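Observations on the model geometry
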Amino acid sequence: MSKQMTEMLKGTLEGIVLAVLATRSAYGYEITARLREEGFSDIAEGTVYALLVRIEQRGLVDVEKVPSEKGPPRKVYSLNPKGSAYLEEFWLNWSFLAAHIDRLRQQVHPQNDHPQDEGE
Amino acid sequence: MAAAWIERVTGSLEDKKRWRQYKARKDQLPAAYRTAIDGLERYLTYAGAIVKGDVLMQMMEDLADLVEGAAADGTPIRDVVGDDPVEFAEMFIANYSDGQWINKERARLVETIDRAAGEEPSTGSDHGSR
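Small disclaimer: the values here were computed from a predicted structure and weren't measured.

Observations concerning the pattern of salt bridges
Residues and elements named next belong to chain B. A complete count under the given rule lists 17 salt bridges over all chains for this structure. One salt bridge in this structure joins Glu105 and Arg108, with 3.9 Å as the shortest N-O distance. A residue pair is termed a helical-turn pair when its members lie 3 or 4 positions apart in one helix, as Glu105 and Arg108 do in helix α7 (residues 102–119) at 3 residues. Of the charged contacts in the structure, one is a salt bridge between Glu111 and Arg115, with a shortest N-O distance of 3.6 Å. Placement of the pair is Glu111 and Arg115 together in helix α7, with a separation of 4 residues, close to one helical turn. Residue class for Glu111 comes out partly exposed when judged on its relative accessible area of 44%. Arg115 sits in the partly exposed class, given a relative accessible area of 44%.

And the structure:
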């Protein structure tokens, strides 16, 4: 993963993880697997774990500890009302950022009508 | 609490117990995972500069949960820590910043700038008031 991508993800991964949890509750490793399926292929499990610690500390998720056959008890994370509210705020901020950055891009490449379609 | 006076001399006995439990968990790990957790622990200890014993122990226990879980699942260490272990470690440390030594200085800086801003004459240009 490029340095720039890592830096960009740093600010948005929290919202991305909450968005994954908005569809259903999940174990930490399930969240990492889901993100990889969604195209975030280089994401480290530890990075997701550190984020989960953070959103738990901030009370954005409810956590249930489930005993495991091997290893420590595993935590199941569910989005709670506070987390849902935070996710809504994330979408608003994301739309704002995306729209404004896109407008800047239009100024640099005015001929391009669908800038989001390129570069994949 | 009766033990309070002695803990002032020895440090928290509860934290010491948690530390011993953490060390015991580490000893159970497969060799490669133990190497990884030792390396992470060393970095987190130096870079974290955490002065609150309970916060430090919480950090180490969270680390042990992660590494133990990975060892049990057979998740390769590289998949846990990623391409850049320092990046991961710094992100991990950020969760425990209220226990860091530097936190006292952060609070002091915020307070000083608040005071400085309060000392500014309110006449003249209206920078800052929108």
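Quick look at the interface of chain B and chain A
In this assembly, 21 residues from chain B lie in contact with 20 residues from chain A. Both sides of the chain B and chain A interface together cover about 1700 Å² of buried area, and 52% of this is carbon and sulfur. If you sort the residues of chain B by the area they bury against chain A, Glu87, Met91 and Asn95 of chain B come out on top, with a joint share of 34%. Applying the counting criterion to the chain B and chain A interface returns 3 salt bridges. Two residues, Arg74 of chain A and Asp73 of chain B, come together in a salt bridge whose shortest N-O distance is 3.0 Å. For the interface between chain B and chain A, the tally reads 8 residue pairs in polar contact (both at pLDDT 80 or more). Sorting the residues of the side of chain B that touches chain A by element identifies α4 (53–73), α5 (77–81) and α6 (85–93) of chain B as the ones contributing at least two each. With 7 residues, the single largest contributor to the side of chain B that touches chain A is α4 of chain B. The class makeup of the residues in the side of chain B that touches chain A is 8 nonpolar, 4 polar and 9 charged.

Parameters at a glance
- Residues numbered from 1 in each chain as written.
- Chains lettered and ligands numbered in written order.
- Predicted model: local features only at pLDDT ≥ 70, side-chain atom pairs only at ≥ 80, totals over all residues.
- Heavy atoms only, no water.
- Salt bridge = Lys/Arg side-chain N within 4 Å of Asp/Glu carboxyl O.
- Helix = DSSP H or I, 4+ residues; strand = E, 2+ residues; numbered from the N terminus.
- Buried < 20%, exposed > 50% of the residue type's maximum accessible area, 1.4 Å probe, protein only.
- Contact = heavy atoms within 4.5 Å.
- Buried area = accessible area lost by both parts, 1.4 Å probe.
- Polar contact = N/O pair within 3.5 Å; in protein donor to acceptor, adjacent residues only side chain to side chain.
- Nonpolar A, V, L, I, M, F, W, Y, C, P; charged D, E, K, R; others polar.

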